Amino acid sequence: LQKDMRKAVELWTKAAELGSIGALFHLGLWYTTEGVGVEVDEAKGIEFCKKAAMQGDADSRYMLGMYEVQNKRNYDRAVRHWMISAKLGHDFSVESIKNSFVTGVATKEQYA
């Protein structure tokens, strides 16, 4: 099969419009990652992730936390995203929270 990324994005976008949380997550991932076949558009990608996160998607919450750390250096907001996704069972979020405490960018008092 030949890859047709334009068609894939079109189909995932239609799925997102129909309410697919997974489609929102994948579109968010694609638009924020170089080299996956679509032009990077961080604002668009983050909006897709926010929509998925608001519908309970743990992967999107994790991604939003990573975005806050990597692009905005906002550790407080990142840990808040990770805490929500950790409560949903997201293992990477748990590890990110642990690392935040170990490195001192988060304190027990902040999140008690």
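Look a little higher up for the structure.
Residues numbered from 1 in each chain as written. Predicted model: local features only at pLDDT ≥ 70, side-chain atom pairs only at ≥ 80, totals over all residues. Heavy atoms only, no water.

### Some details on the overall build of the protein
So the rule is basically this: Secondary structure counts use DSSP, requiring at least four H or I residues in a row for a helix and at least two E residues in a row for a strand, with both numbered from the N terminus. Summary of the burial criterion: residues with accessible area below 20% of their type's maximum are buried, those above 50% are exposed, and those between are partly exposed, where the area comes from a 1.4 Å probe applied to protein chains only.
Looking only at helices and strands, the protein features 7 helices and 0 strands. Reading the secondary structure of the protein in the N-to-C direction produces α-α-α-α-α-α-α. Each principal axis of the C-alpha distribution contributes one length, and for the protein these read about 50 × 25 × 25 Å. Buried positions account for 35% of the 112 residues belonging to the protein.

### Examining the nonpolar core
Definition in use: In this text, buried Ala, Val, Leu, Ile, Met, Phe, Trp, Tyr and Cys residues form a nonpolar core when linked through side-chain atoms within 4.5 Å. Working rule for contacts: check all heavy atoms of both residues, and any pair within 4.5 Å makes them a contact.
Counting 10 residues, the largest nonpolar core consists of V9, A16, A23, L24, L27, W30, Y31, V38, F48 and A52. Contributions of two or more residues to this core are made by α1 (5–17), α2 (21–32) and α3 (42–54). Looking at this core element by element, the count peaks at 5 residues for α2. Discounting chain neighbours no more than four positions away, the residues touching A23 are W12, A15 and A16. Membership of the second largest hydrophobic core comes to 8 residues, among which are Y62, V79, W82 and A106.

### Section: α3
Using the following cut-off: A helix's residues, less one, multiplied by 1.5 Å, set its expected span. What the arc covers is the set of directions going from the helix axis to the C-beta atoms.
The end-to-end C-alpha separation of α3 is 18 Å, in line with the 18 Å expected for 13 residues at 1.5 Å each. Taken together, the buried positions of α3 are G45, I46, F48, C49, A52 and A53. Taken end-on, α3 shows its buried residues confined to a sector of 155°, consistent with a single buried face. Among the exposed residues of α3, those pointing more than 90 degrees away from its buried face are A43 and M54. Once α3 ends, the next one or two residues include G56, with phi positive near 95°.

### As for the packing of aromatic side chains
Selection criterion: Stacked, tilted and edge-to-face pairs are distinguished by plane angle, under 30 degrees for stacked and over 60 for edge-to-face with tilted covering the rest, among Phe, Tyr and Trp rings (Trp via its six-membered ring) whose centres lie within 6.5 Å.
Counted under the stated rule, the structure contains 3 aromatic pairs. Each ring, one from W12 and one from W30, has its centre 5.9 Å from the other, and the planes form 85°; the classification is edge-to-face. One end of the pair, W12, is in helix α1; the other, W30, is in helix α2, and 18 residues separate them in sequence. On the basis of relative accessible area, W12 is assigned to the partly exposed category, the value being 29%. Here the aromatic rings of Y31 and F48 are separated by 6.0 Å at their centres, their planes lie at 15°, and the arrangement is stacked. Of this pair, Y31 sits in helix α2 while F48 sits in helix α3, placing them 17 residues apart in sequence.

### Quick word on helix α5 (residues 75–87)
Here α5 is 13 residues long and its end C-alpha atoms lie 18 Å apart, about the 18 Å a rise of 1.5 Å per residue gives. Summarising the contacts, the buried residues of α5 are in contact with α4 (58–72), α6 (91–103) and α7 (108–111). Among the residues trailing α5, G89 stands out with phi positive, at a value near 95°.

### Structural notes on the pattern of salt bridges
Using the following cut-off: A pair is scored as a salt bridge if a Lys or Arg side-chain nitrogen falls within 4 Å of a carboxyl oxygen belonging to Asp or Glu.
Applying the stated criterion across every chain, the model contains 5 salt bridges. Between D76 and R80 there is a salt bridge; the shortest N-O distance is 3.1 Å. In this pair, D76 and R80 are both assigned in helix α5, 4 residues apart and thus about one turn of the helix distant. With a relative accessible area of 30%, D76 lands in the partly exposed category. Judged by relative accessible area, which is 45%, R80 ranks as partly exposed.

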